[in-house]
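# Remarks on the overall topology
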Amino acid sequence: MSEYEKLTNQPLVITLAEFRFSAILKMENYVSAFQDYLRQDFPHFSTTQTQEMVFNPNGIQVKASTGWLFLSSNKKSALMLDKDKITFMTSSYNRFPQFWDDCQKALSFIEKEVKPALLLRIGLRYSDLIIGKEENEQIESYVQPVVCNTGYIENIGKQAHRINETVLETNVGRMAIRSLYGVLNLSAWHDLSEPPIIINKYPKHSNRILLDFDHFWQSNENEEDVPFNVQFIEKKLNLLHEKSREAFWEITTLEGREHWK
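These notes cover the structure that comes with them. Remember, it's a predicted structure, so these values are computed and weren't measured experimentally.

Here we take up the overall build of the protein. Helix and strand counts for the protein stand at four helices and nine strands. Reading the helices (α) and strands (β) of the protein from amino to carboxyl end gives β-α-β-β-β-β-α-β-β-β-β-α-α. Against the compact-globule benchmark of 18 Å for 261 residues, the protein has a radius of gyration of 20 Å, which places it among compact chains. A principal-axis box enclosing the C-alpha atoms of the protein has dimensions of 60 × 50 × 40 Å. Across the 261 residues that make up the protein, the buried fraction comes to 44%. Looking at the protein alone, contacts between residues at least 24 apart form 70% of all its contacts between residues at least 6 apart. Accessible surface, the protein as shown: approximately 14800 Å² in total, 48% of it carbon and sulfur. Taking the average place of the 29 positive charges on the side chains of the protein and the average place of its 35 negative ones, the gap between the two points comes to 4 Å.

In this fold, phenylalanine 88 is placed in strand β5 (residues 85-90). Taking the C-alpha atoms as reference points, phenylalanine 88 and leucine 124, separated by 36 residues in sequence, lie 9.7 Å from one another. With sequence-adjacent residues up to four places away left out, phenylalanine 88 is seen in contact with Thr15, Leu16, Ala17, Phe42, Ser77, Ala78, Leu79, Phe99, Asp102 and Cys103.

According to the stated counting rule, one finds 15 aromatic pairs in the structure shown. Between phenylalanine 34 and phenylalanine 70, the aromatic rings sit 5.2 Å apart at their centres with planes inclined by 85°, giving edge-to-face as the arrangement. One end of the pair, phenylalanine 34, is in helix α1 (residues 28-38); the other, phenylalanine 70, is in strand β3 (residues 59-71), with 36 residues separating them in the sequence. A single burial state applies to phenylalanine 34 and to phenylalanine 70, both of which are buried. Each ring, one from phenylalanine 213 and one from phenylalanine 248, has its centre 6.2 Å from the other, and the planes form 70°; the classification is edge-to-face. Taken together, the residues span a long stretch of sequence, with phenylalanine 213 in strand β9 (residues 206-218) and phenylalanine 248 in helix α3 (residues 230-251) at a distance of 35 residues. The same class applies to phenylalanine 213 and to phenylalanine 248, which are both buried.

Contact geometry of helix α2 (residues 96-114) with α3 gives a least axis separation of 10 Å together with a crossing angle of 150°. The angle between the axes of α2 and α3 places the two elements in the roughly antiparallel class. The interaxial crossing formed by α2 with α3 has right-handed handedness. Contact residues: α2 offers Phe96, Trp100, Gln104, Leu107, Ser108 and Glu111, while α3 offers Val230, Ile233, Glu234, Leu237, Asn238 and His241. Classifying every residue of the contact of α2 with α3 by side-chain character gives six nonpolar, four polar and two charged.

Bringing the nonpolar core into the picture now. Counting 57 residues, the largest nonpolar core has Phe19, Phe70, Leu81, Ile86, Leu107 and Ile209 as its most contacted members. With nine residues, α2 is the single largest residue contributor to this core. Setting aside residues no more than four positions away along its own chain, phenylalanine 70 makes contact with Val31, Phe34, Gln35, Leu38, Phe42, His44, Phe45, Ser77, Ala78, Leu79 and Leu81.

Moving on to the side chain of arginine 121. With respect to the element layout, arginine 121 can be found in strand β6 (residues 119-131). A distance of 3.5 Å separates polar atoms of two side chains, one belonging to arginine 121 and the other to glutamate 18. In contact with arginine 121, not counting residues within four places along its chain, are Glu18, Phe19, Arg20, Phe216, Trp217 and Gln218.

A few words now on the pairing of strand β8 (residues 174-184). When you tally the buried positions in β8, you get nine out of eleven residues, the bulk of the element. Relative to β8, strand β7 (residues 161-169) is paired through nine bridges, and the arrangement is antiparallel. By the bridge assignment, glutamate 165 is partnered in β8 with arginine 178. The turn linking β7 back onto β8 is made up of four residues. Pairing analysis gives eleven bridges linking β8 to β9, with the strands arranged antiparallel. Note that in β9 the partner of alanine 176 across the bridge is aspartate 214.

Conventions we followed
Residues numbered from 1 in each chain as written. Predicted model: local features only at pLDDT ≥ 70, side-chain atom pairs only at ≥ 80, totals over all residues. Heavy atoms only, no water. Helix = DSSP H or I, 4+ residues; strand = E, 2+ residues; numbered from the N terminus. Rg over C-alpha atoms; globule rule 2.2 N^0.38 Å. Buried < 20%, exposed > 50% of the residue type's maximum accessible area, 1.4 Å probe, protein only. Contact = heavy atoms within 4.5 Å. Areas by Shrake-Rupley, 256 points an atom, 1.4 Å probe, with all protein chains shown as cover. Lys, Arg positive; Asp, Glu negative; His and termini not counted. Charge placed at Lys NZ, Arg CZ, Asp CG, Glu CD. Phe/Tyr/Trp six-rings, centres within 6.5 Å; stacked < 30°, edge-to-face > 60°. Axes fitted to C-alpha atoms, helices over the stretch in contact; angles between N-to-C directions. Parallel < 35°, antiparallel > 145°, perpendicular 65-115°, else oblique. Left-handed = near helix turned anticlockwise from the far one by under 90°. Nonpolar A, V, L, I, M, F, W, Y, C, P; charged D, E, K, R; others polar. Core = buried A, V, L, I, M, F, W, Y, C linked by side-chain atoms within 4.5 Å. Polar contact = N/O pair within 3.5 Å; in protein donor to acceptor, adjacent residues only side chain to side chain. Pairing = 2+ DSSP bridges.

Dropping the structure here:
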(Lines give C-alpha, C1' and ligand atoms only; values in the text may rest on other atoms or scores of the structure.)
Protein backbone atom coordinates (compact mmCIF):
# COMPACT_ATOMS: atom_id res chain seq x y z
CA MET A 1 0.00 0.00 0.00
CA SER A 2 1.23 3.50 -0.85
CA GLU A 3 2.45 5.67 1.99
CA TYR A 4 -0.10 8.25 0.85
CA GLU A 5 -3.58 6.77 1.05
CA LYS A 6 -6.51 8.08 -0.92
CA LEU A 7 -8.65 10.30 1.32
CA THR A 8 -12.27 9.70 0.34
CA ASN A 9 -13.46 12.79 2.23
CA GLN A 10 -10.47 14.96 1.43
CA PRO A 11 -10.76 18.69 2.28
CA LEU A 12 -9.60 19.68 -1.22
CA VAL A 13 -11.71 22.41 -2.85
CA ILE A 14 -9.79 23.38 -6.01
CA THR A 15 -6.82 22.00 -7.92
CA LEU A 16 -5.19 24.17 -10.56
CA ALA A 17 -2.35 23.68 -13.03
CA GLU A 18 -0.95 26.56 -15.09
CA PHE A 19 1.41 26.30 -18.05
CA ARG A 20 3.03 29.49 -19.34
CA PHE A 21 4.75 29.74 -22.70
CA SER A 22 6.19 32.36 -25.05
CA ALA A 23 3.36 34.58 -26.30
CA ILE A 24 1.33 33.68 -29.39
CA LEU A 25 -0.15 36.99 -30.56
CA LYS A 26 -2.40 35.22 -33.08
CA MET A 27 -3.76 32.73 -30.54
CA GLU A 28 -7.31 33.66 -31.54
CA ASN A 29 -6.70 31.92 -34.87
CA TYR A 30 -6.47 28.57 -33.06
CA VAL A 31 -9.48 28.96 -30.75
CA SER A 32 -12.07 27.51 -33.15
CA ALA A 33 -10.04 24.33 -33.74
CA PHE A 34 -9.28 24.06 -30.02
CA GLN A 35 -12.97 24.34 -29.15
CA ASP A 36 -13.83 21.65 -31.67
CA TYR A 37 -11.11 19.43 -30.21
CA LEU A 38 -12.46 19.84 -26.66
CA ARG A 39 -16.21 20.22 -27.15
CA GLN A 40 -17.18 16.69 -26.06
CA ASP A 41 -15.52 17.16 -22.66
CA PHE A 42 -15.85 20.95 -22.37
CA PRO A 43 -19.05 21.93 -24.21
CA HIS A 44 -19.55 25.37 -22.60
CA PHE A 45 -17.55 28.16 -24.21
CA SER A 46 -17.18 31.87 -23.48
CA THR A 47 -14.66 34.67 -23.82
CA THR A 48 -13.16 36.63 -20.94
CA GLN A 49 -11.66 40.09 -20.67
CA THR A 50 -8.79 41.05 -18.37
CA GLN A 51 -6.74 44.20 -17.99
CA GLU A 52 -3.00 44.15 -18.60
CA MET A 53 -0.33 46.82 -18.25
CA VAL A 54 1.84 47.48 -21.32
CA PHE A 55 5.09 49.41 -20.95
CA ASN A 56 6.28 51.48 -23.91
CA PRO A 57 8.42 54.62 -24.50
CA ASN A 58 5.37 56.85 -23.99
CA GLY A 59 4.61 55.40 -20.56
CA ILE A 60 2.26 52.76 -19.24
CA GLN A 61 -0.88 51.76 -21.09
CA VAL A 62 -3.69 49.58 -19.80
CA LYS A 63 -5.08 47.29 -22.49
CA ALA A 64 -7.88 44.76 -22.51
CA SER A 65 -6.74 41.18 -23.08
CA THR A 66 -9.07 38.49 -24.41
CA GLY A 67 -9.07 34.95 -23.06
CA TRP A 68 -11.17 31.88 -23.78
CA LEU A 69 -12.97 29.73 -21.22
CA PHE A 70 -14.03 26.10 -21.78
CA LEU A 71 -16.28 24.53 -19.12
CA SER A 72 -17.19 20.87 -18.60
CA SER A 73 -20.86 19.83 -18.74
CA ASN A 74 -21.10 19.70 -14.93
CA LYS A 75 -19.21 23.03 -14.69
CA LYS A 76 -16.76 21.58 -12.19
CA SER A 77 -13.75 21.65 -14.52
CA ALA A 78 -12.44 24.37 -16.81
CA LEU A 79 -9.69 25.13 -19.28
CA MET A 80 -8.67 28.77 -19.64
CA LEU A 81 -6.62 29.75 -22.67
CA ASP A 82 -4.71 33.00 -23.12
CA LYS A 83 -2.07 34.18 -25.55
CA ASP A 84 0.73 33.05 -23.24
CA LYS A 85 -0.72 30.40 -20.92
CA ILE A 86 -3.23 27.62 -20.48
CA THR A 87 -4.78 26.77 -17.12
CA PHE A 88 -6.71 23.70 -16.04
CA MET A 89 -8.87 23.97 -12.91
CA THR A 90 -11.15 21.43 -11.26
CA SER A 91 -13.25 20.95 -8.13
CA SER A 92 -13.73 17.24 -8.83
CA TYR A 93 -10.14 16.07 -8.36
CA ASN A 94 -9.83 12.32 -7.84
CA ARG A 95 -6.24 11.15 -8.31
CA PHE A 96 -3.28 12.84 -9.93
CA PRO A 97 -3.04 10.52 -13.01
CA GLN A 98 -6.61 11.43 -14.00
CA PHE A 99 -5.85 15.12 -13.44
CA TRP A 100 -2.76 14.84 -15.66
CA ASP A 101 -4.78 13.10 -18.42
CA ASP A 102 -7.04 16.15 -18.63
CA CYS A 103 -4.05 18.49 -18.76
CA GLN A 104 -2.22 16.35 -21.31
CA LYS A 105 -5.07 16.35 -23.79
CA ALA A 106 -5.10 20.14 -23.98
CA LEU A 107 -1.31 20.46 -23.90
CA SER A 108 -0.95 18.02 -26.79
CA PHE A 109 -3.07 20.29 -28.96
CA ILE A 110 -1.00 23.31 -27.95
CA GLU A 111 2.24 21.48 -28.74
CA LYS A 112 1.14 20.06 -32.11
CA GLU A 113 -1.07 22.84 -33.48
CA VAL A 114 -0.08 26.11 -31.79
CA LYS A 115 3.63 25.24 -31.43
CA PRO A 116 4.85 27.73 -28.78
CA ALA A 117 8.60 28.17 -28.96
CA LEU A 118 9.40 28.19 -25.25
CA LEU A 119 8.09 26.82 -21.97
CA LEU A 120 8.36 29.47 -19.25
CA ARG A 121 6.57 28.21 -16.15
CA ILE A 122 4.66 25.24 -14.73
CA GLY A 123 2.54 25.71 -11.64
CA LEU A 124 0.49 23.28 -9.56
CA ARG A 125 -1.78 24.48 -6.80
CA TYR A 126 -4.00 22.77 -4.23
CA SER A 127 -6.50 24.74 -2.12
CA ASP A 128 -8.06 22.99 0.91
CA LEU A 129 -10.85 23.90 3.30
CA ILE A 130 -11.03 22.32 6.76
CA ILE A 131 -14.38 23.09 8.34
CA GLY A 132 -16.26 21.53 11.23
CA LYS A 133 -19.36 19.64 10.20
CA GLU A 134 -20.32 18.52 13.70
CA GLU A 135 -21.03 20.56 16.83
CA ASN A 136 -17.88 21.36 18.84
CA GLU A 137 -15.65 19.58 16.30
CA GLN A 138 -12.01 20.40 17.10
CA ILE A 139 -10.64 21.10 13.62
CA GLU A 140 -7.47 22.53 15.19
CA SER A 141 -6.36 18.98 15.94
CA TYR A 142 -6.32 18.15 12.21
CA VAL A 143 -3.29 20.35 11.51
CA GLN A 144 0.09 21.06 13.07
CA PRO A 145 0.00 23.57 15.98
CA VAL A 146 1.79 26.32 14.01
CA VAL A 147 -1.35 26.80 11.89
CA CYS A 148 -3.66 27.85 14.75
CA ASN A 149 -1.61 28.75 17.83
CA THR A 150 -1.65 32.35 19.05
CA GLY A 151 1.66 31.85 20.83
CA TYR A 152 3.14 34.61 22.98
CA ILE A 153 0.58 37.29 22.01
CA GLU A 154 -2.56 35.56 23.29
CA ASN A 155 -2.61 37.70 26.46
CA ILE A 156 -2.98 40.88 24.37
CA GLY A 157 -6.36 40.07 22.90
CA LYS A 158 -8.61 37.46 21.32
CA GLN A 159 -7.34 36.23 17.96
CA ALA A 160 -9.69 37.06 15.07
CA HIS A 161 -7.72 35.07 12.51
CA ARG A 162 -4.19 33.81 11.89
CA ILE A 163 -2.38 33.77 8.56
CA ASN A 164 0.92 32.06 7.76
CA GLU A 165 3.08 31.82 4.66
CA THR A 166 6.24 29.78 4.20
CA VAL A 167 8.20 29.72 0.93
CA LEU A 168 10.43 26.72 0.28
CA GLU A 169 13.09 26.00 -2.32
CA THR A 170 12.42 22.40 -3.40
CA ASN A 171 14.28 20.01 -5.67
CA VAL A 172 12.05 21.06 -8.55
CA GLY A 173 11.20 24.72 -7.93
CA ARG A 174 9.63 26.89 -5.27
CA MET A 175 6.61 26.18 -3.06
CA ALA A 176 4.50 28.69 -1.14
CA ILE A 177 2.53 27.10 1.71
CA ARG A 178 -0.18 29.35 3.13
CA SER A 179 -2.69 28.87 5.92
CA LEU A 180 -5.56 30.97 7.20
CA TYR A 181 -7.38 30.14 10.44
CA GLY A 182 -10.30 31.84 12.13
CA VAL A 183 -14.02 32.56 11.94
CA LEU A 184 -14.36 33.19 8.21
CA ASN A 185 -16.73 32.85 5.26
CA LEU A 186 -14.16 31.97 2.59
CA SER A 187 -14.30 28.51 1.04
CA ALA A 188 -11.01 28.81 -0.87
CA TRP A 189 -8.00 31.09 -0.81
CA HIS A 190 -8.84 34.75 -1.56
CA ASP A 191 -7.99 34.78 -5.27
CA LEU A 192 -9.78 31.46 -5.85
CA SER A 193 -12.94 32.27 -3.89
CA GLU A 194 -14.96 33.15 -7.03
CA PRO A 195 -13.67 30.75 -9.69
CA PRO A 196 -15.38 30.05 -13.04
CA ILE A 197 -16.18 26.50 -11.85
CA ILE A 198 -18.67 25.27 -9.27
CA ILE A 199 -17.15 24.66 -5.83
CA ASN A 200 -18.66 23.75 -2.48
CA LYS A 201 -19.30 27.01 -0.66
CA TYR A 202 -20.04 27.65 3.00
CA PRO A 203 -20.93 31.39 3.02
CA LYS A 204 -21.90 31.68 6.69
CA HIS A 205 -19.07 32.65 9.01
CA SER A 206 -17.73 29.67 10.93
CA ASN A 207 -14.52 28.33 12.42
CA ARG A 208 -12.35 27.04 9.57
CA ILE A 209 -8.84 26.52 8.24
CA LEU A 210 -7.75 27.24 4.68
CA LEU A 211 -4.58 25.59 3.35
CA ASP A 212 -2.98 26.54 0.06
CA PHE A 213 -0.03 24.78 -1.60
CA ASP A 214 1.36 26.66 -4.62
CA HIS A 215 4.33 24.82 -6.16
CA PHE A 216 5.95 25.98 -9.39
CA TRP A 217 8.91 25.56 -11.70
CA GLN A 218 10.07 28.32 -14.00
CA SER A 219 12.69 28.70 -16.68
CA ASN A 220 15.92 30.20 -15.39
CA GLU A 221 17.05 33.27 -17.31
CA ASN A 222 20.67 32.32 -16.64
CA GLU A 223 20.26 28.93 -18.31
CA GLU A 224 19.41 27.74 -21.81
CA ASP A 225 15.81 28.25 -22.91
CA VAL A 226 13.45 25.29 -22.50
CA PRO A 227 11.38 24.28 -25.58
CA PHE A 228 7.67 23.64 -25.12
CA ASN A 229 7.47 19.85 -24.76
CA VAL A 230 4.67 17.76 -23.21
CA GLN A 231 7.01 15.00 -22.02
CA PHE A 232 9.13 17.57 -20.16
CA ILE A 233 5.98 19.10 -18.66
CA GLU A 234 4.74 15.69 -17.47
CA LYS A 235 8.03 14.98 -15.69
CA LYS A 236 8.09 18.36 -13.95
CA LEU A 237 4.41 18.27 -12.99
CA ASN A 238 4.84 14.84 -11.42
CA LEU A 239 7.70 16.18 -9.30
CA LEU A 240 5.66 19.24 -8.30
CA HIS A 241 2.82 16.94 -7.28
CA GLU A 242 5.00 14.61 -5.20
CA LYS A 243 6.38 17.45 -3.09
CA SER A 244 2.98 19.13 -2.74
CA ARG A 245 1.46 15.87 -1.49
CA GLU A 246 4.31 15.47 0.97
CA ALA A 247 3.75 19.02 2.25
CA PHE A 248 0.05 18.30 2.85
CA TRP A 249 0.97 15.18 4.83
CA GLU A 250 3.46 17.18 6.91
CA ILE A 251 1.13 20.07 7.77
CA THR A 252 -1.85 17.83 8.64
CA THR A 253 -2.00 15.31 11.49
CA LEU A 254 -2.78 11.62 11.64
CA GLU A 255 -6.05 12.49 13.40
CA GLY A 256 -7.03 14.73 10.52
CA ARG A 257 -6.18 12.19 7.86
CA GLU A 258 -8.08 9.47 9.73
CA HIS A 259 -11.08 11.80 9.83
CA TRP A 260 -10.94 12.33 6.04
CA LYS A 261 -10.63 8.62 5.09
